[in-house]
Amino acid sequence: MLKLMKLEMRKFRIGSYIRAAMIAGVVILGLICLISSIEEIKQGIPFTSYDMAFFVIDTLVRGTYIVFASVLISRLVIDEFRNKSITVLFMYPINRKKLIAAKLLVVVLFTLAADIVANLFVGVGFYVFNLFASVIPGPLTWSVAATSLLKIVMSALATSFLSLIPLYFGMRNHSGVATIVSSLIVVALVCQSVDGFSLYSIIAVPIGLALLGAAVAYMSIRNIEHIDVLK
Amino acid sequence: MTHIVRTKQLTRAYRGKEVVSNVNMNIKQGEIYGMLGPNGAGKTTVMKMITGLVKPTAGEIEIFGERLTDTSYRQLGRMGTIIENPIFYEKLTARENLELHTEYMGYHNKKSIDEALELVNLKGIDGKLVKEFSLGMKQRLGIARAITTKPELLILDEPINGLDPLGIKELRDLFKMLSKQYGITILISSHILGEIELIADTIAVMNDGKLLQEVSMEHIAKLTTEYIEITTNESSKAVYVLENYLHITNVRVNDEGQIRIYDCSIPQNELMKVLVMHDVAIEAVHKKKGSLEDYFLSILNGGGLVA
């Protein structure tokens, strides 16, 4: 399985995606710094505590990498079907389920890693920014940092699986556009926030969506051996 | 002789319409098996079913002596294929494509890539993306990919599409060489009779999803014998002379009054001499060979055999 994943990453030159993901992280940091400065002027609500700041960062990061995952799905899975290169792949003496599972695992692990790393990077970056700009008064306590970290990891786990939901819409017509558009809808669902309250903070929502993502992945490979690859 | 591929009553239907019906193929080890038929005859669909890309509606396929099921992956490792247009990862170079191929096939002999590229005569492609290739080059690369892993069975669907006449000859020689020297069994399809005729050991004629005839080239060679055709106005008199003085019985007169003599044991000048002696006016004499084309056209048209 590891070898199949390596081959996938080689085939699609994962390096360029890693670079893009890093750039996205930097942009998010810039955005956060900008918003927090303006919000401060406006006496707005979100950036009153580290807790809230990390919540906003996590939401932004999550939204970004869900869309990112859908781009990966569209390249790794949907495009293979669209360009018919899947016929090449399915003529190898390898279980088709494993081939697709390897692709999806690449997407899931990429999203998981990107989500956590970007959260840490932007979080630390914001902390440093705050030392100079003093957006949030008072020091960052260990307990806040620890709880935030735990939340980030849990939320990243859920995010990595729910980012597979767009696969369902993409596979229906082998359309990359449908994949990305549906990912935007997912983002709209899990990243909205009203006065600091988000649907995502109800614990059942992220877990339910993550399970849905896993189910979509399972559905896509369940029958793959018994169907015609291309009509 | 053992069979590499056998199909029994192989059928595939799309929305109730059969595109392949009850095909029974028997491909022997080491032979070049040519599938001949017009576009849409079902050749590609049969090949897709053999490689598992399309599932049969009915019937079964046996490859390397084992029945092909939905999860027969091992057999795929012993085949090399090009189906329809060769497909590659266009954003990678030719070599990267072949490297990925050998990795997936679990074939670890780095030299084989160079050998295959040399065999198909593909040069100066280093650093070039497949995207920039012409159809002919892709076709060559496809064949290179199919033979890199030294398969036992090579499945080639219209492999000469997009190639120039010189390239066609080159590849024809290559296929023959692979078959003779490496003992690779080749299943090849084409709608061009001349191509199949030149390389196949066995020909399967398909039309409308049906396999009309599976026949060895040796057998065809026997059927399509030489004959002498005589054009004359006095055909009945000529036949009389031939039968009574030369004792030739294998004679036929066609609608236009031409006489065909299938007994070639009597030299042509002897024939002429006797006919002239008996005052038969001859307009023309030709020595002809029954063409394969006649033979296959008659099969395709649902008729019997020529001659």
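Residues numbered from 1 in each chain as written. Chains lettered and ligands numbered in written order. Predicted model: local features only at pLDDT ≥ 70, side-chain atom pairs only at ≥ 80, totals over all residues. Heavy atoms only, no water.

- An unreviewed UniProt entry lists chain B under the name ABC transporter ATP-binding protein, with Paenibacillus mangrovi as the source organism.
- Turning to chain B, the UniProt record has this under Sequence similarities (unreviewed entry): "Belongs to the ABC transporter superfamily." (UniProt positions renumbered as here; feature names shortened; annotations may be inferred.)

- The name given to chain A in an unreviewed UniProt entry is ABC transporter permease, with Paenibacillus mangrovi as the source organism.

1. Remarks on the interface of chain A and chain B
Next, step 1: Every contact between the two is made by 30 residues of chain A and, on the other side, 29 residues of chain B.
Next, step 2: Summing the contributions of chain A and of chain B, the shared interface buries around 2700 Å²; its carbon and sulfur component is 57%.
Next, step 3: Linking chain A with chain B are 5 salt bridges, by the criterion used here.
Next, step 4: Residues Asp228(A) and Arg12(B) are paired through a salt bridge, measuring 2.8 Å at the closest nitrogen-oxygen approach.
Next, step 5: Connecting chain A to chain B are 15 residue pairs in polar contact (both at pLDDT 80 or more).
Next, step 6: Taken together, the elements giving at least two residues each to the side of chain A that touches chain B come down to helix H1 (2–11), helix H3 (50–82), helix H4 (85–89) and helix H5 (96–133) of chain A. (Contact = heavy atoms within 4.5 Å. Buried area = accessible area lost by both parts, 1.4 Å probe. Salt bridge = Lys/Arg side-chain N within 4 Å of Asp/Glu carboxyl O. Polar contact = N/O pair within 3.5 Å; in protein donor to acceptor, adjacent residues only side chain to side chain. Helix = DSSP H or I, 4+ residues; strand = E, 2+ residues; numbered from the N terminus.)

2. A short note on the sheet that holds strand E10 (residues 202–207) of chain B
All names here are of chain B.
Next, step 1: Across the sheet, which stays open at both edges, the 6 strands sit in the order E7-E8-E9-E4-E10-E11 with mixed pairing between neighbours. Lying at the two open borders of the sheet, with one neighbouring strand each, are strand E7 (79–82) and strand E11 (210–216). The sheet shows a mean angle of 15° between the axes of neighbouring strands, direction not considered.
Next, step 2: Bridge analysis of E10 against E11 gives 6 bridges, and the strand direction is antiparallel. Following the sheet pairing, Asn207 is matched in E11 by Lys210. (Pairing = 2+ DSSP bridges. Axes fitted to C-alpha atoms, helices over the stretch in contact; angles between N-to-C directions.)

3. Topic: the packing of aromatic side chains
Next, step 1: Tallied over the full model, the rule gives 8 aromatic pairs over all chains.
Next, step 2: Look at Tyr92(A) and Tyr104(B): their rings are 5.0 Å apart centre to centre, the planes differ by 5°, and that puts the pair in the stacked class. Of this pair, Tyr92(A) sits in the loop between H4 and H5 while Tyr104(B) is found in helix H2 (residues 94–105), placing the two residues in two different chains. Each member of the pair, Tyr92(A) as well as Tyr104(B), carries the same accessibility label: buried.
Next, step 3: With 5.3 Å between their ring centres and 80° between their planes, Tyr168(A) and Phe169(A) make a pair best called edge-to-face.
Next, step 4: By relative accessible area, which is 41% here, Tyr168(A) ends up partly exposed.
Next, step 5: One aromatic cluster in this structure is built from Tyr50(A), Phe54(A) and Tyr127(A). (Phe/Tyr/Trp six-rings, centres within 6.5 Å; stacked < 30°, edge-to-face > 60°. Buried < 20%, exposed > 50% of the residue type's maximum accessible area, 1.4 Å probe, protein only.)

4. Re helix H6 (residues 142–162) of chain A
All names here are of chain A.
Next, step 1: Its 21 residues place the ends of H6 30 Å apart at the C-alpha level, agreeing with the 30 Å of an ideal helix rising 1.5 Å per residue.
Next, step 2: Of the residues making up H6, those classed as buried are Ser148, Ile152, Ser155, Ala156, Ala158, Thr159, Ser160 and Leu162.
Next, step 3: Where H6 is buried, its residues meet H3, H5, helix H7 (165–173), helix H8 (176–190) and helix H9 (204–222). (Expected span 1.5 Å × (residues − 1).)

5. With respect to the UniProt feature "transmembrane region" (unreviewed entry) in chain A
Residues and elements named next belong to chain A.
Next, step 1: Residues given the UniProt feature "transmembrane region" (unreviewed entry) here are residues 20–38, 53–78, 99–129, 149–169, 176–194 and 200–221.
Next, step 2: From the first C-alpha to the last, residues 53–78 spans 36 Å; its make-up is 100% helix and 0% strand.
Next, step 3: What you have in residues 200–221 is 82% helix and 0% strand, and the ends, taken at the C-alpha atoms, are 28 Å apart.

6. Examining the packing of H5(A) against H6(A)
All names here are of chain A.
Next, step 1: Running from N to C, H5 and H6 cross one another at 150°; their axes reach a closest spacing of 8 Å. The orientation of H5 with respect to H6, classified from their angle, is roughly antiparallel. Handedness of the crossing formed by H5 with H6: right-handed. Listed contacts from H6 to Val108, Thr111, Leu112, Asp115, Ile116, Asn119 and Leu120 of H5 are Leu149, Ile152, Val153, Ala156, Leu157, Thr159, Ser160 and Phe161.
Next, step 2: A breakdown of the residues in the contact of H5 with H6 according to their chemical character gives 10 nonpolar, 4 polar and 1 charged. (Parallel < 35°, antiparallel > 145°, perpendicular 65-115°, else oblique. Left-handed = near helix turned anticlockwise from the far one by under 90°. Nonpolar A, V, L, I, M, F, W, Y, C, P; charged D, E, K, R; others polar.)

7. Looking at the nonpolar core
Next, step 1: Within the largest apolar cluster, 64 residues are counted, with the highest numbers of intra-cluster contacts made by Ile32(A), Tyr65(A), Leu89(A), Phe90(A), Phe110(A) and Tyr104(B).
Next, step 2: Those elements that provide at least two residues to this core are H1, helix H2 (14–42), H3, H4, H5 and H9 of chain A together with H2 of chain B.
Next, step 3: Residues contacting Tyr65(A), with those up to four places away along its chain left out, are Ala21(A), Ala24(A), Gly25(A), Ile28(A), Thr111(A), Ala114(A), Asp115(A) and Ala118(A).
Next, step 4: Among the nonpolar cores identified, the runner-up in size contains 43 residues, and Leu163(B), Ala200(B), Met217(B) and Tyr295(B) belong to it. (Core = buried A, V, L, I, M, F, W, Y, C linked by side-chain atoms within 4.5 Å.)

8. Regarding the environment of Ser160(A)
Residue and element names in this part refer to chain A.
Next, step 1: Note on placement: Ser160 falls in helix H6.
Next, step 2: C-alpha separation for the pair Ser160 and Leu105, spaced 55 residues apart in sequence, amounts to 9.7 Å.
Next, step 3: If we skip the residues at most four places from it in the chain, Ser160 touches Val108, Thr111 and Leu112.
Next, step 4: A polar side-chain atom of Ser160 sits 2.7 Å from the main-chain carbonyl oxygen of Leu157.

9. With respect to the environment of Arg145(B)
Next, step 1: Residue placement: Arg145(B) occurs in helix H4 (residues 135–148).
Next, step 2: Relative accessible area serves as the criterion here: at 8%, Arg145(B) is assigned to the buried category.
Next, step 3: Taking the C-alpha atoms as reference points, Arg145(B) and Asp263(B), separated by 118 residues in sequence, lie 50 Å from one another.
Next, step 4: If we skip the residues at most four places from it in the chain, Arg145(B) touches Val88(A), Ile87(B), Phe88(B), Leu98(B) and His101(B).

10. With respect to a nonpolar patch on the surface
Residue and element names in this part refer to chain A.
Next, step 1: The grouping of Leu120, Leu149, Leu150, Val153, Met154 and Leu157 at the surface amounts to a nonpolar patch, some 530 Å² of accessible area in total.
Next, step 2: Element by element, the count of residues in the nonpolar patch is highest for H6, at 5 residues.
Next, step 3: Along the chain, Val153 falls in helix H6.
Next, step 4: Val153 sits in the partly exposed class, given a relative accessible area of 32%. (Patch = residues over 30% accessible without salt bridge, like charges linked within 9 Å, V, L, I, M, F, W, Y side chains within 5 Å. Areas by Shrake-Rupley, 256 points an atom, 1.4 Å probe, with all protein chains shown as cover.)

11. As for the sheet that holds strand E15 (residues 282–289) of chain B
Residues and elements named next belong to chain B.
Next, step 1: If you walk across this open sheet you meet the 4 strands as E13-E14-E12-E15, and the pairing is antiparallel. A single partner strand is all that each edge strand has here, and the edge strands are strand E13 (251–253) and E15. Between one strand axis and the next, the sheet turns by 20° as a mean value, whatever way the strands run.
Next, step 2: Where E13 lies against strand E14 (residues 258–261), 3 bridges are found, and the strand directions are antiparallel. The residue of E14 that forms the bridge with Arg252 is Arg260.
Next, step 3: Contacting strand E12 (226–232), E13 and E14, helix H8 (residues 235–245) crosses the sheet at an angle of about 20° to E14.
Next, step 4: Lying on the sheet, helix H9 (residues 268–277) is in contact with E12, E14 and E15; it crosses E15 at an angle near 155°.

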